[in-house]
Amino acid sequence: MKPRIRGSSQSAFAWKEPSTRPAERVAEELQGVDGSGGEVSDMMGTQQVPVAKAADARALVHELLDAHRPRIDERSVIDAVLVTSELVTNAQRHGGGLSGFSARIAAGLLEVTVADHSPRQPATAAGREKFAVGGYGWPMVQQLTACVVIVPTAGGKAITVTVPLTFDRVAA
């Protein structure tokens, strides 16, 4: 099952790692990502910005949320930046590196997709030795998001999450 990005794509960032695979194969893998059969990079309004580290992704998401009107409340921004940071860090630490990143606002939700090079599903610390290293971020991601979808890809996996947004009650 391929993820579908719904709603307006007026505010979005996307990046996919350059591929050495034939263009037809890449297009086949990404077919349907934007709901029209095109690649993420074909989304109207999408800005192509490479993401090399979690700080880059956090900055992009913060910029995207900060530019939105009506203004998004501070707690939603903090939750969104935290989830973004956790997903990108996990892709780098446990997923063989980041292979794609996108973020957009649609229908009162922030949608973030992070792709990596590992087919392994995220793990939790549940059932492990007390104070074991790792496994604490994934439950946090699940708690702060409305929906999590993990899609296997030819080169690993893509995790798409939606973070509910609330808006400031005070006029900006």
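Above this text is the structure in question.
Residues numbered from 1 in each chain as written. Predicted model: local features only at pLDDT ≥ 70, side-chain atom pairs only at ≥ 80, totals over all residues. Heavy atoms only, no water.

Draft legend 1. Geometry of the packing of helix 2 (residues 54-67) against helix 3 (residues 74-94). The geometry of helix 2 relative to helix 3 is characterised by a closest axis approach of 9 Å and an angle of 155° between their N-to-C directions. Taken as axis vectors, helix 2 and helix 3 run roughly antiparallel relative to one another. Every pair of crossing elements has a handedness; the one defined by helix 2 and helix 3 is right-handed. For the pair helix 2 and helix 3, the contacting residues are Ala-54, Ala-57, Arg-58, Val-61, His-62 and Leu-65 in the first and Val-77, Ala-80, Val-81, Thr-84, Ser-85, Val-88, Thr-89 and Gln-92 in the second. Broken down by class, the residue content of the contact of helix 2 with helix 3 amounts to eight nonpolar, five polar and one charged. (Axes fitted to C-alpha atoms, helices over the stretch in contact; angles between N-to-C directions. Helix = DSSP H or I, 4+ residues; strand = E, 2+ residues; numbered from the N terminus. Parallel < 35°, antiparallel > 145°, perpendicular 65-115°, else oblique. Left-handed = near helix turned anticlockwise from the far one by under 90°. Contact = heavy atoms within 4.5 Å. Nonpolar A, V, L, I, M, F, W, Y, C, P; charged D, E, K, R; others polar.)

Draft legend 2. Inspection of the layout of surface pockets at higher detail. Size it by volume and the second largest pocket reaches roughly 370 Å³. If you trace the second largest pocket, you find 23 residues lining it, with Asn-90, His-94, Pro-122, Ala-123 and Trp-138 closest to the centre. Sorting the residues of the lining of the second largest pocket by element identifies helix 3, strand 4 (109-116), helix 4 (137-144) and strand 6 (156-164) as the ones contributing at least two each. Top element by residues in the lining of the second largest pocket is helix 3. It accounts for seven residues. Looking at the lining of the second largest pocket residue by residue, the class counts come to nine nonpolar, eight polar and six charged. (1 Å grid on protein atoms, 1.4 Å probe; cavity = no way out; pocket = protein on both sides within 12 Å on 5 of 7 lines; lining within 4 Å. Points joined across faces, edges and corners; volume = space filled by probe spheres on them.)

Draft legend 3. Highlighting the nonpolar core. Core analysis: the biggest nonpolar cluster contains 29 residues, and Val-61, Leu-65, Leu-87, Phe-101, Leu-110, Val-112 and Val-114 have the highest contact counts within it. For this core, the elements supplying multiple residues, two or more each, are helix 2, helix 3, strand 3 (98-106), strand 4, helix 4 and strand 6. Tallying contributions element by element places helix 3 first for this core, with seven residues. (Core = buried A, V, L, I, M, F, W, Y, C linked by side-chain atoms within 4.5 Å. Buried < 20%, exposed > 50% of the residue type's maximum accessible area, 1.4 Å probe, protein only.)

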